[in-house]
Amino acid sequence: MFLLDIIPIALEQGLAYALVALGIALTFRVLAFPDLTVDGSFPLGGAVCARLIVDGMDPALAVCAAVGAGFLAGCATGVLSTRFKINSLLAGILIMTILYSINLRIMGRANIPLLTVATLMTPLESLSVSRYIPVIGFFFIVAATCKLFLDLFLHSEYGLAFRATGDNEQMICSLGMNTDSATIMGLGISNALVALAGALIAQDQGFADVGMGIGLIVAGLASIIIGEAVIKPRTVFRLTLATIIGSILYRFIIALGMRMGLAPTDLKLATGLMVIFALIIPAIKGSKEGKVHLRGV
Amino acid sequence: MPPPMLVLSEISKVFNRGTQDQKTALDNISLTVNQGDFVTIIGSNGAGKTTLLNIIAGTHNPDTGRITICGDDITRSPEHRMAAYMARVFQNPTTGTAGKMTIEENLCMAELRGCKRRLFRWGVTRHRRQQYQAILKTLDLGLEHRLGEKVGLLSGGQRQSLSLLMTTLIPPKLLILDEHTAALDPKTAAKVMALTDHMIQQNRLTTLMVTHNMHQALRYGNRMIMLHRGRIKLDVSGPEKEQLTVKDVVQKFELSLDDETLLSTHI
């Protein structure tokens, strides 16, 4: 059956890119901050990780370094936007653009292959079973751990004030929260997640590429929108769950589309149209209730 | 003797300085508020009432002058640092609460006003939930069974009552009320005002209340200040204030201000 063999692909890709979608949900949905750094911090994670692995670092440590780099990239956008009052979209675009050069610098060229070196995936691939089972298991554990981490974080004393920063900044500021540092912290965590995804996906696909992040925000938004159509995000727990489910469904739809003859080069067009339709259908119908919200939990 | 609760010395604030829109919002205002004072502040639109509150709350910095609370100089402190001293209820019920978060989460955030918010400590614990339930019961709004519901589902009056409760959960040194009943219908406004007065008396809170409503300003509090064009035009307290009527105030105002329109249509 042709549906059956795209399920493992969708699961692997969906769970791997769920980290990106979680990061985007944290900024767009919880913090109500449209962060575009993601398109740059994803290849940044891949670049840092690939370069360090090729230079002989332990893959696990290389992933940690990639996460740190992503965190710093997010903080940079946050500082530009809060301390220096640069428009949030522009701040993200600036850092994203700067990261393109930085990523090329880190890698020394546009692409680093990882097929001949030992990565985190090597032990998984050496198992006797089909490659998909251990890899899907691995990405499932990573995605579930990150989801749990976000759920706990957003329910902590700090996390409540963090969510309020996206919901009602004036109120939580008057209650003593430094909303600027919360925003910087949130962007840092979000981009750390995205860079983690970049580092893991580079190892999974066997290369890091400077262009691997293009269109990722739109894909992440599409995932969130699809997920929220299936699971209403009434609570934080459901929001993060919806995001992961949405990421899997999105990859499933994409894989299905490609199987039915969609050219890979048309993917971003299809994804963009998907998001546009999701955003304008309620407007056409004229109902306020069904409106897709991209702000606040 | 302890220092007075709040001291403003020679505070001035000019907006859009050097442009055609230049506007003096506060003109050399000095004011001392003692512990336990309940001060009502009235004045026409643009008199500087809200600017005064914003300057005290740290939303704006004054151009000149000095502000102290309990002897601490807070003139240039950022707004979020003010939370250790004061709590504020805004005019718009949606401003004082986070609508997409639950009642208990809002209460928890208020309980931590001005405190360190820990990353590794759970927010709404079972213990806290029980406390909130008990406190909400005293409000008698039926909210004690709706702790897990989003605040956005509440009515304006309920939301404003919740805002009030949130400010007094940990009694602040200074309570700031910025026309907090103005956006409510008259019946609800009266209810919320009665609750406000009750909470202020119960916790002996030092309070500044801006209001458009003259009756409210005269009925509540032990001191009344009238602002006009960024200056204090009238400052009465104690028995003198108690005997004051709306008519007196209007007359006084007209005498001291000649042809100015003193109060808008809200009298």
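Just so it is clear, the model here is predicted, and its values are computed rather than measured. (Residues numbered from 1 in each chain as written. Chains lettered and ligands numbered in written order. Predicted model: local features only at pLDDT ≥ 70, side-chain atom pairs only at ≥ 80, totals over all residues. Heavy atoms only, no water.)

A.B. asks: Go over the pairing of strand β7 (residues 174–178) of chain B, please, and point to the residues and values.
C.D. replies: In the case of a regular strand, side chains alternate between the two sheet surfaces. Residues and elements named next belong to chain B. Of all 5 residues in β7, 5 are buried, a share of seventy percent or more. The two faces of β7 match: L174, I176 and D178 on one face and L175 and L177 on the other face are all buried. Each parallel crossover has a hand, and the one from β7 via helix α5 (residues 186–203) to strand β8 (residues 206–210) is right-handed. (Buried < 20%, exposed > 50% of the residue type's maximum accessible area, 1.4 Å probe, protein only. Helix = DSSP H or I, 4+ residues; strand = E, 2+ residues; numbered from the N terminus. Right-handed = clockwise from strand over helix to strand, strands pointing away.)

A.B. asks: Mind laying out the side chain of K241 of chain B, listing which residues take part and the relevant values?
C.D. replies: Residues and elements named next belong to chain B. Tracing the sequence through the fold places K241 in helix α7 (residues 238–243). Buried within the structure, K241 lacks any salt-bridge partner; E242 is the closest side chain of opposite charge, at an N-O distance of 7.4 Å. When residues no more than four places from it in sequence are discounted, the contact partners of K241 are T40, A217, L218, Y220, G221, N222, R223, M224 and V236. (Lys, Arg positive; Asp, Glu negative; His and termini not counted. Salt bridge = Lys/Arg side-chain N within 4 Å of Asp/Glu carboxyl O. Contact = heavy atoms within 4.5 Å.)

A.B. asks: Account for a nonpolar patch on the surface, naming residues and giving values.
C.D. replies: A surface patch of nonpolar side chains, about 740 Å² in accessible area, is lined by L269, L273, I276, F277, L279, I280, I281 and I284 of chain A. Looking at where L269 of chain A falls in the secondary structure, it is placed in helix α12 (residues 267–285). (Patch = residues over 30% accessible without salt bridge, like charges linked within 9 Å, V, L, I, M, F, W, Y side chains within 5 Å. Areas by Shrake-Rupley, 256 points an atom, 1.4 Å probe, with all protein chains shown as cover.)

A.B. asks: Please set out the sheet that holds strand β6 (residues 86–89) of chain B residue by residue, giving values where relevant.
C.D. replies: Residues and elements named next belong to chain B. Across the sheet, which stays open at both edges, the 6 strands sit in the order β6-β7-β8-β3-β9-β10 with mixed pairing between neighbours. The outermost strands of the open sheet, each flanked by one partner alone, are β6 and β10 (231–237). In this sheet, neighbouring strand axes are inclined to one another by 15 degrees on average, regardless of whether the strands run parallel or antiparallel. When β7 meets β8, the two strands line up parallel, connected through 5 bridges. Across the sheet, the residue bridging to D178 is V210, located in β8. Running over the sheet, helix α4 (residues 156–168) touches β6 and β7 and is turned about 175 degrees from β6. (Pairing = 2+ DSSP bridges. Axes fitted to C-alpha atoms, helices over the stretch in contact; angles between N-to-C directions.)

A.B. asks: For the packing of helix α10 (residues 216–230) of chain A against α12 of chain A, give the residues involved together with the corresponding values.
C.D. replies: All names here are of chain A. For the pair α10 and α12, the least separation of the axes is 9 Å and the interaxial angle reads 45 degrees. Comparing the axis directions of α10 and α12 gives the class oblique. Between α10 and α12 the crossing geometry is left-handed. Side by side, α10 and α12 meet where V218, A219, L221, A222, I225 and I226 of the first sit next to T271, G272, M274, V275 and A278 of the second. Its residues assigned to classes, the contact of α10 with α12 shows 9 nonpolar, 2 polar and no charged. (Parallel < 35°, antiparallel > 145°, perpendicular 65-115°, else oblique. Left-handed = near helix turned anticlockwise from the far one by under 90°. Nonpolar A, V, L, I, M, F, W, Y, C, P; charged D, E, K, R; others polar.)

A.B. asks: Outline helix α6 (residues 132–155) of chain A, supporting the account with residue identities and numerical values.
C.D. replies: Helical periodicity: at 3.6 residues per turn, an α-helix aligns residues three or four positions apart in one direction. Between its first and last C-alpha, α6 of chain A extends 34 Å over 24 residues, near the 34 Å set by a 1.5 Å rise per residue. Of the positions making up α6 of chain A, those classed as buried are P134, V135, I136, F139, V142, A143, C146, K147, L150, D151, F153 and L154 of chain A. (Expected span 1.5 Å × (residues − 1).)

A.B. asks: Before we move on, could you go through the pattern of salt bridges and cite the residues and values that matter?
C.D. replies: Counted according to the given criterion, the structure contains 20 salt bridges over all chains. Across the pair E228 of chain A and R29 of chain A runs a salt bridge whose closest N-O atoms are separated by 2.8 Å. On the criterion of sequence distance, the pair formed by E228 of chain A in helix α10 and R29 of chain A in helix α1 (residues 6–30) is long-range, its members being 199 residues apart. Overall, R29 of chain A belongs to the buried group, its relative accessible area being 5%. For R17 of chain B, the salt bridge identified is with D63 of chain B, shortest N-O distance 3.2 Å. Of this pair, R17 of chain B sits in the loop between β1 (6–15) and β2 (23–33) while D63 of chain B sits in the loop between α1 (49–57) and β4 (64–69), placing them 46 residues apart in sequence. R17 of chain B gets classed as exposed once you look at its relative accessible area, which sits at 55%. A relative accessible area of 30% places D63 of chain B in the partly exposed class.

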